Amino acid sequence: MTYDIEMIKKVYSNLSSRIEAARKLLGRPMTFTEKILYSHLSNKLPSSPCKRGVDYVDFQPDRVGMQDATAQMALLQFMQAGRKKVAVPSTVHCDHLIQADIGAKKDLETAITKNKEVYDFLASVSNKYGIGFWKPGAGIIHQVILENYAFPGGMMIGTDSHTPNAGGLGMIAIGVGGADACDVMAGLPWELKFPQLIGVKLTGKLSGWTSAKDVILKVAGILTVKGGTDRIVEYFGPGAESISCTGKGTICNMGAEIGATTSIFTYDKKMSDYLKSTGRADLASLADGVAEHLKGDKEAYENPEKYFDQVIEIDLNTLEPHVNGPYTPDLAWPISKFAQAVKDNGWPKELEVGLIGSCTNSSYEDISRAASLAKFAVEHGLKTKSEYTVTPGSEQVRYTVDRDGYLSWFEKMGGVVLANACGPCIGQWVRHTKDPDKKNSILTSFNRNFSKRNDGNPNTHAFVSSPEIVTALALAGDLTFNPLVDTITNDKGEKVKLPEPTGIELPSAGFDVNDRGYQEPAKDGSKVEVLVSPDSQRLQLLDPFSAWEGVDLKNLRLLIKVKGKCTTDHISMAGPWLKYRGHLDNISNNMLIGAVNIFNNKTDSVKNGLTGEYGSVPAVQRAYKAAHVGSVVVGDENYGEGSSREHAAMEPRFLGVRVILVKSFARIHETNLKKQGMLAVTFANKGDYDKIREDDTIDVLGLTTFAPGKPLTMVFHHADGSSDEIKLNHSYNENQIEWFKAGGALNIIRSQVKA
């Protein structure tokens, strides 16, 4: 058994008393989100209610999940913490390092050979420290978590930004950096700013071409990529109860694209049915027994404006299928308006590739709905006019949909089934194109569509939709095709109108699998050797970062002033760079190479303030480091949006960047910077961004009296002898200031263990 039923029993046994005490503290009815948050406080209840969006609060999560790309650095850090075993149930999932190229079997074989030393390291370190290990090919972390570990009313953290997928099973599941995971695995409390709450009331019922994916595509259009920052989104209402458990997971998964801390649905029959279907009838019985605690109080939903900071209402009866993009997941287009948008904006009309699956849309229901269209197409003389790929979410899903005949319809239609892995969604994709310089369009059922995200090509216009819309448009080969009203000409010259997709939520014969790909850790790992070669180019043991010197920072150089959107993909690209995720020195050579320098509108080209010459961002920063000169990175709004990858924080820290100054931060990245001992600050006046010049030297003043809520001062000394002085805001609390002083949170953990 992979899930810990005894741990879950303990969580449920405490729910009633903790929730009742919290309700008395608040003096009012509670939302479901509040019930879970207050029941997972690491200490006793505070004397007064937690202030939303203000108070930093310590929580005690029930489990940790890590994917292979981020697990490497997380576990390299955990090895330095001095603990003999993880304190909470934890797992590693090998899903990111498998590159999509030819097809599932060959691609998996290639990955196992190519990544052997990384997989051996992850397997050995998991075995030593009591961590469950899911082998390559077992599936994508979020799907595997939903099938095996997620449980209603629980709290987990995961080293991937789409960890909120588990909210589809009523779990508070939050994406974090590896240092946060290290804290929890070491038995320490986990700190989070108590979130504000967004309530999304769903009425009506999905039908026809509209799917659960369209709910979050609509919400993304309403809230934008910043609208959920420091907030949890709770879905409720009769419409929520009508959506399948895996459909709920899709919605929660892509909540990461609005910056939300997490998203969640309250417990209902759909979740109970899913638990039973995935072999967890005992857990379903436990959850049914405490069902009253696994949903918010009735009054909270009758008058949601009183209990949520923001309320959105969506009628599923009238919701249209959506296509979002390009270049950002919040540019939302109802299908009825998308064709005109393509024409008006001059986006490439021809659809070169349609891709379905990934962690966002790879459930049995997703595959069966898309397969109903594939079956119809084959039977009516249609084949895809676009390249078409299918990425199953787990071996359990793949085996079951293959058993039930769905995969064969995709292949007959002209599709290729890829390995159970992230693949094209994260840039692990060998794009088959004759002309990479040609502007082109692709459509996916994934969650992100930033520039160069999927194939590294800035000329690719990536759009996001549901698996069924992707399948329909791939059959037409045309972005302006609307399957609700348009027809396709088949091989006999007949005009064919696609039927509404049909699917099955859960397999009638149950899920099945030959080999789930799970390795149980050793009961006693004391004699297990962790495999890291000293000559490895992919793995590198970590040395502690240096503590703060105790003085203000002076004579810093500007490394780069970033223009516009700067996601963690811009700061630390994935794709071919994934192979260095366990080697901090090597992967630091991709630091900020995707960011646009405002002074020359180029990527990976910045001025070396010591020589006056232009060079690559990492190369210039290494020159500063060699000369013992600190530097500053300046950014725009929502800096660090996207993936949870803490490499985007560790690389500048490792190379000697001292300060990240931006207009605003994405939540996970700001925390990651703090954990690594970086100074992460924001403009008190956003207009001061314009005062920074390319040749400036920079001082940061006020660090000797660094305190919560107290602004710092920055002085820009310009080359012409003039200067500008500005105020800097920060969100550091007392604990986080100690991280800064110690040179990183891990240094504090290490000192506590030694003490």
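As a convention, each chain's residues are numbered from 1 in the sequence order in which they are written. A pLDDT threshold of at least 70 governs which residues receive local features in this predicted model, and a stricter bar of 80 or more applies before side-chain atom pairs are shown or counted, although totals over entire chains, interfaces and linings include all residues. Hydrogen atoms and water are omitted, and side-chain values are computed over all heavy atoms in the structure.

### Quick word on the sheet that holds strand 31 (residues 712–717)
Logical step 1: Strands qualify as paired when DSSP identifies two bridges or more between them. Strands are runs of DSSP state E lasting at least 2 residues, helices are runs of H or I lasting at least 4, and numbering of each runs from the N terminus. Read around the closed barrel, 7 strands run 22-27-28-29-32-31-30, paired in mixed fashion. Between one strand axis and the next, the sheet turns by 40° as a mean value, whatever way the strands run.
Logical step 2: For strand 27 (residues 631–634) and strand 28 (residues 657–662), the ladder comprises 4 bridges, and the chain directions are parallel. Along strand 28, the bridge assignment pairs valine 633 with isoleucine 660.
Logical step 3: Contacting strand 22 (553–561), strand 27 and strand 28, helix 22 (residues 617–626) crosses the sheet at an angle of about 170° to strand 22. To define axes, lines are fitted to C-alpha atoms, for helices over the stretch in contact only, and angles between the resulting N-to-C directions are given on a 0 to 180 degree scale. Any pair of residues with heavy atoms lying within 4.5 Å of one another is described as a contacting pair.

### Description of unusual backbone geometry
Logical step 1: A cis geometry characterises the amide bond from glycine 325 onward to proline 326, with omega recorded as 5°.
Logical step 2: Secondary-structure assignment places proline 326 in the loop between strand 12 (322–324) and strand 13 (332–334).
Logical step 3: In this model, leucine 592 sits at a positive phi of 60°, which is unusual for a non-glycine residue.
Logical step 4: Along the chain, the position of leucine 592 falls in the loop between helix 21 (584–587) and strand 23 (596–597).
Logical step 5: Between buried and exposed lies partly exposed: a residue is buried under 20% and exposed over 50% of the maximum accessible area for its type, with that area taken using a 1.4 Å probe on protein chains only. Note on leucine 592: relative accessible area 1%, which makes it buried.

### Section: the pattern of salt bridges
Logical step 1: One speaks of a salt bridge when a side-chain nitrogen belonging to Lys or Arg is within 4 Å of a carboxyl oxygen belonging to Asp or Glu. By the definition in use, this model includes 39 salt bridges.
Logical step 2: A salt bridge links glutamate 302 to lysine 298, with the nearest nitrogen and oxygen atoms 3.8 Å apart. Note that glutamate 302 and lysine 298 are positioned in helix 13 (residues 298–302) at a spacing of 4 residues, about one turn of the helix.
Logical step 3: Of the residues examined, glutamate 302 reaches a relative accessible area of 48% and is grouped as partly exposed.
Logical step 4: A relative accessible area of 60% means that lysine 298 is categorised as exposed.
Logical step 5: Between aspartate 636 and lysine 663 there is a salt bridge; the shortest N-O distance is 3.6 Å. Of this pair, aspartate 636 sits in the loop between strand 27 and helix 23 (647–655) while lysine 663 sits in the loop between strand 28 and helix 24 (667–675), placing them 27 residues apart in sequence.
Logical step 6: With a relative accessible area of 16%, aspartate 636 lands in the buried category.
Logical step 7: Residue classification places lysine 663 among the buried positions, given a relative accessible area of 19%.
Logical step 8: Linked through salt bridges whose partners overlap, the residues forming this network are Glu350, Glu352, Arg431, Lys438 and Asp455.

### Quick notes on helix 7 (residues 178–185)
Logical step 1: Judged by how many residues are buried, helix 7 sits mostly within the fold: 8 of 8 residues are covered.
Logical step 2: Along helix 7, the residues that are buried comprise Gly178, Ala179, Asp180, Ala181, Cys182, Asp183, Val184 and Met185.
Logical step 3: Following helix 7 by one or two positions, glycine 187 adopts a phi angle in the positive range, close to 90°.

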